Protein chains: 2
Amino acid sequence: MTLPAFGFSVQARDGAARHGRLTCAHGTVETPAFMPVGTAGTVKGLRSGEIAASGTEIVLANTYHLMLRPGAERIARLGGLHAFMNWPRPILTDSGGFQVMSLAELRKITERGVTFRSHVDGRPHALTPERAVEIQDLLGVDISMVLDECTPFPIAGAEAGESMRLSLRWAARCKTAFPGHPGRGLFGIVQGSVYPELRRESAAGLIDIGFHGYAVGGLAVGEGQETMLKVLEETVPILPEERPRYLMGVGKPDDLVRAVQRGIDMFDCVLPTRSGRTGQAFTRRGEVNLRNARHKDDPRPLDPESPNPELRQYSRAYLHHLVRSGEMLGPILLSLHNLTYYQELMAGLRAAIAEGRLAAFVADFEAEQAAGDLPPL
Amino acid sequence: MTLPAFGFSVQARDGAARHGRLTCAHGTVETPAFMPVGTAGTVKGLRSGEIAASGTEIVLANTYHLMLRPGAERIARLGGLHAFMNWPRPILTDSGGFQVMSLAELRKITERGVTFRSHVDGRPHALTPERAVEIQDLLGVDISMVLDECTPFPIAGAEAGESMRLSLRWAARCKTAFPGHPGRGLFGIVQGSVYPELRRESAAGLIDIGFHGYAVGGLAVGEGQETMLKVLEETVPILPEERPRYLMGVGKPDDLVRAVQRGIDMFDCVLPTRSGRTGQAFTRRGEVNLRNARHKDDPRPLDPESPNPELRQYSRAYLHHLVRSGEMLGPILLSLHNLTYYQELMAGLRAAIAEGRLAAFVADFEAEQAAGDLPPL
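Residues numbered from 1 in each chain as written. Chains lettered and ligands numbered in written order. Predicted model: local features only at pLDDT ≥ 70, side-chain atom pairs only at ≥ 80, totals over all residues.

Helix and strand counts for chain A come out as 14 helices and 16 strands. Relative to the compact-globule value of 21 Å for 377 residues, chain A shows a C-alpha radius of gyration of 20 Å, a close match. Taking the principal axes of its C-alpha atoms as reference, chain A extends roughly 60 × 45 × 40 Å. By the burial criterion, 53% of the 377 residues in chain A qualify as buried. Across chain A, contacts joining residues at least 24 apart in sequence account for 69% of those joining residues at least 6 apart. (Helix = DSSP H or I, 4+ residues; strand = E, 2+ residues; numbered from the N terminus. Rg over C-alpha atoms; globule rule 2.2 N^0.38 Å. Buried ≥ 20, exposed ≤ 12 C-beta atoms within 10 Å, placed from the backbone. Contact = placed C-beta atoms within 7 Å.)

Residues and elements named next belong to chain A. According to the domain assignment, chain A contains domain 1 (31-269) and domain 2 (278-371). Taken over C-alpha atoms, the centre of domain 1 sits 28 Å from the centre of domain 2. Contacts between domain 1 and domain 2 engage 17 residues on the former and 19 residues on the latter. Among the secondary structure elements, those contributing two or more residues to the side of domain 1 that touches domain 2 are strand S4 (33-36) and helix H10 (253-261). At six residues, H10 tops the list of elements feeding residues into the side of domain 1 that touches domain 2. Tallied by class, residues from the side of domain 1 that touches domain 2 come to nine nonpolar, five polar and three charged. (Domains from an automatic or database assignment. Nonpolar A, V, L, I, M, F, W, Y, C, P; charged D, E, K, R; others polar.)

Before going further, it helps to spend a moment on the sheet that holds strand S7 (residues 105-109) of chain B. Residue and element names in this part refer to chain B. Strand order across the open sheet formed by three strands is S7-S8-S9, with antiparallel pairing between neighbours. Each edge of the sheet is formed by a strand with only one pairing partner; in this case those strands are S7 and strand S9 (124-127). Ignoring strand direction, the axes of neighbouring strands in this sheet form an average angle of 15 degrees. Strand direction decides the pairing type here: S7 and strand S8 (residues 114-117), joined by three bridges, are antiparallel. For Glu105, the partnering residue across the bridge sits in S8 and is Arg117. (Pairing = 2+ DSSP bridges. Axes fitted to C-alpha atoms, helices over the stretch in contact; angles between N-to-C directions.)

Looking now at the interface of chain A and chain B. Opposite the 33 residues of chain A that make contact, chain B presents 33 residues. When contributions to the side of chain A that touches chain B are tallied by element, the ones reaching two or more residues are helix H3 (72-77), helix H12 (316-324) and helix H13 (329-354) of chain A. A per-class count over the side of chain A that touches chain B returns 13 nonpolar, ten polar and ten charged.

Residues and elements named next belong to chain B. Their axes nearest at 10 Å, the elements helix H7 (residues 157-177) and helix H8 (residues 196-209) cross at an angle of 10 degrees. With respect to H8, the element H7 is oriented roughly parallel. From H7, Ala160, Gly161, Met164, Leu168, Ala171, Ala172 and Lys175 reach across to H8, where they touch Leu198, Glu201, Ser202, Gly205, Leu206 and Ile209. Classifying every residue of the contact of H7 with H8 gives eight nonpolar, three polar and two charged. (Parallel < 35°, antiparallel > 145°, perpendicular 65-115°, else oblique.)

With that out of the way, let us pick up the pairing of strand S2 (residues 17-24) of chain A. Residues and elements named next belong to chain A. Within S2, six of the eight residues are buried, which leaves it mostly tucked inside the rest of the structure. In the sheet, S2 pairs with strand S3 (residues 27-31) via five bridges, with the strands oriented antiparallel. Each residue of the ladder has a partner; that of Gly20, found in S3, is Thr31.

Given 3.6 residues per turn, any residue in an α-helix points the same way as the ones three and four places further on. All names here are of chain B. With 26 residues, helix H13 (residues 329-354) should cover 38 Å at 1.5 Å per step; its first-to-last C-alpha distance of 37 Å lies within 8% of that length. Of all the 26 residues making up H13, 21 are buried; the element is thus mostly covered by neighbouring parts of the structure. Just downstream of H13 lies Gly356, where phi reads positive at about 65 degrees. (Expected span 1.5 Å × (residues − 1).)

Right, let's talk about the sheet that holds S3 of chain A for a bit. All names here are of chain A. In spatial order, the strands read S1-S2-S3; together these three strands make up an open sheet with antiparallel pairing. The two strands at the open ends of the sheet, each matched to only one other strand, are strand S1 (7-14) and S3. With direction set aside, neighbouring strand axes in the sheet form an average angle of 15 degrees. Running over the sheet, H13 touches S1, S2 and S3 and is turned about 115 degrees from S2.

This next bit is on the environment of Ser325 of chain B. Along the chain, Ser325 of chain B falls in the loop between helix H12 (316-324) and H13. Looking at Ser325 of chain B, the number of C-beta atoms within 10 Å reads 18, which means it is partly exposed. Taking the C-alpha atoms as reference, Ser325 of chain B lies 10.0 Å from Arg291 of chain B; in sequence the two are 34 residues apart. In this structure, Ser325 of chain B is in contact with Ala40 and Arg69 of chain A, ignoring residues within four places of it in sequence.

What follows deals with the pairing of strand S11 (residues 185-190) of chain A. All names here are of chain A. Counted residue by residue, S11 has six buried out of six residues, so it is predominantly covered. Side chains of S11 alternate between two faces, with Gly185, Phe187 and Ile189 and Leu186, Gly188 and Val190 buried alike. Bridge count for strand S10 (residues 143-145) against S11 is three bridges, and the pairing is parallel. Each bridged residue has a counterpart across the sheet, and for Ser144 the counterpart in S11 is Leu186. Pairing of S11 with strand S12 (residues 213-216), which is carried by four bridges, proceeds in the parallel orientation. Bridge pairing links Val190 to Val216 in S12.

Two numbers describe a pair of packed helices, the interaxial angle and the distance between the axes. All names here are of chain B. Between helix H10 (residues 253-261) and H13, whose axes approach to 11 Å, the crossing angle comes to 20 degrees. In terms of orientation, H10 and H13 fall into the roughly parallel class. Once H10 is placed against H13, the crossing between them reads as right-handed. Between H10 and H13, the contacting residues are Pro253, Leu256, Val257 and Val260 on the first element and Tyr342, Leu345 and Leu349 on the second. Taken together, the residues that form the contact of H10 with H13 break down as seven nonpolar, no polar and no charged. (Left-handed = near helix turned anticlockwise from the far one by under 90°.)

Before going further, it helps to examine helix H14 (residues 358-371) of chain B. With 14 residues, H14 of chain B extends 20 Å between its outermost C-alpha atoms, agreeing within 8% with the 20 Å of an ideal straight helix rising 1.5 Å per residue. Gly372 of chain B sits one or two positions beyond H14 of chain B and adopts a positive phi of about 85 degrees.

Written out as structure tokens, the structure reads:
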């Protein structure tokens, strides 16, 4: 099967790391790229302009949430997900599989697909590979993901193999069902848990089917960074050099850095916004908990070097006060701070790869993280 | 006692209505003015830039909340409330009296002041007229309010009279305690419930003490619009023509319009933000409940004529989805919408007064409100 036009070009390499450019229907995305998660069609607490100003070029939305509420057909009638959420740039949707496994009730998996009851209103739903692709087409997103079965961790090899082969058969059905509008891509997902031979079988099967990009799935499920990086080292080299590689659901800043060093081009994670809602900040100096009483008299900004001048205007004392008082502005400002830091880190990685100085960049990153937060006043 | 410099000048009159200009330490405020409520040092869900962009020139913050958390002395050490909340323009604080009555536990009122326990952590606190003024001075606000006793509604005349006279004695003590930095003003509060003779006694007593402005307190407590307007008609004419008049805690758009017609210059109310958090919008076409299912397929903006171009980019269907899904962006966008509409209304009132066409403006306003929301598609 041939693939419709969907652009990815590697601009520069530094070791296994690459700096590339995705070209999709709604614009270009410089990689390595971080995608904030807009679960229900909104990156929680942030508006389009703020998301874009953070340096974000692509967001992820969740098929599972949107199919249940407000419904894919409704979003299509309203002009598609870009118009609906007022985000004119590229969007990637997951297939819904992961959320069905983690959120839905009474789920039942068969060869045909998965049936379940909505966690919103208890109504029965079915998700097949064909329907997952159709929903993402109705949403009109730039990158669709194949429906796969997400296995828990740990899982025995035999079970992981069976699940992976079911996901492969579903992937082939997704490819067949994919309408392939120009500028819209379909990504396969490599499964196989921590078993190298299963990862190889999965990757080979997906490459045989042929996709616009390849995701590494089934990680960030509790296996730990060391195991995750080992899987990447075994899996990334067997993925096609000319296609984007996406590590799903990852991660903390140093996860991103280490995965980029191993050849990953794309990431998504709820951490910047979810942590922001609990008062936790990611900074160039490591993690900072704004609930901590040591901030209550601190007039300094959370990050004196933040590229966002507005964020430099709020003191740690004020952020502490907002978090302790349960004020919405705390999650808003901390989500924006975290996303801004993530995107600054990605920009730094891209520039370092382009200039062949990734090792030095990573050494600086690690030293700064290890040095820890600002000393008390 | 003489008053320190604090500017107010009436620019234009139309009937009893006035268009004026307040000049305080942190800038000028065109009146009639609406002050959004930043209870704990944050107008819930909105950032400084957004608040200013809505046309807001002055915000209100609550002494009661700030004295309990994070504490007035702490805010003073951090450079004052303007720096703390990153709002460089004028701020008015209430005295804390109203919240002590409505929120605090174990409150006890004596001639000296009020003692109570914090609703945050149960610790004992005392608020005297002198301390209320001191706190507001530590916060560094542009307009301080005298401590008064807020009576419930309904209340017998004898009791209302006793309370009003206690408030008068407290007002005199506030005036004595007021340090009077240039550009900072102290406002008295007329009490007396629905009793004209008590309102007159209160106003005369306050004028005798001498304040930079005069508030009408004890309204918007369940007495209804008709009674409220009657009290204004009896009270406003006896207030000094050359001082600003502030109606506390009011109200809905048509409350504002009618109070402006009766000579009120300033308002504060939680409604734009509180209603925004529950999915309720105030529009030129009346109140619109975004939770209502009739919006779920409506691609039109909430207000096609909104002066904020960003707000015109979000459909009613999307706002409905956000509200139904409990997403933070719903309250954020609706609070911003409501505040934008309130400020647009105030700007319209100011222009109409300046041009001597207030009656026509009010007739148009009433006709548009009565016409109701956009017809279904």
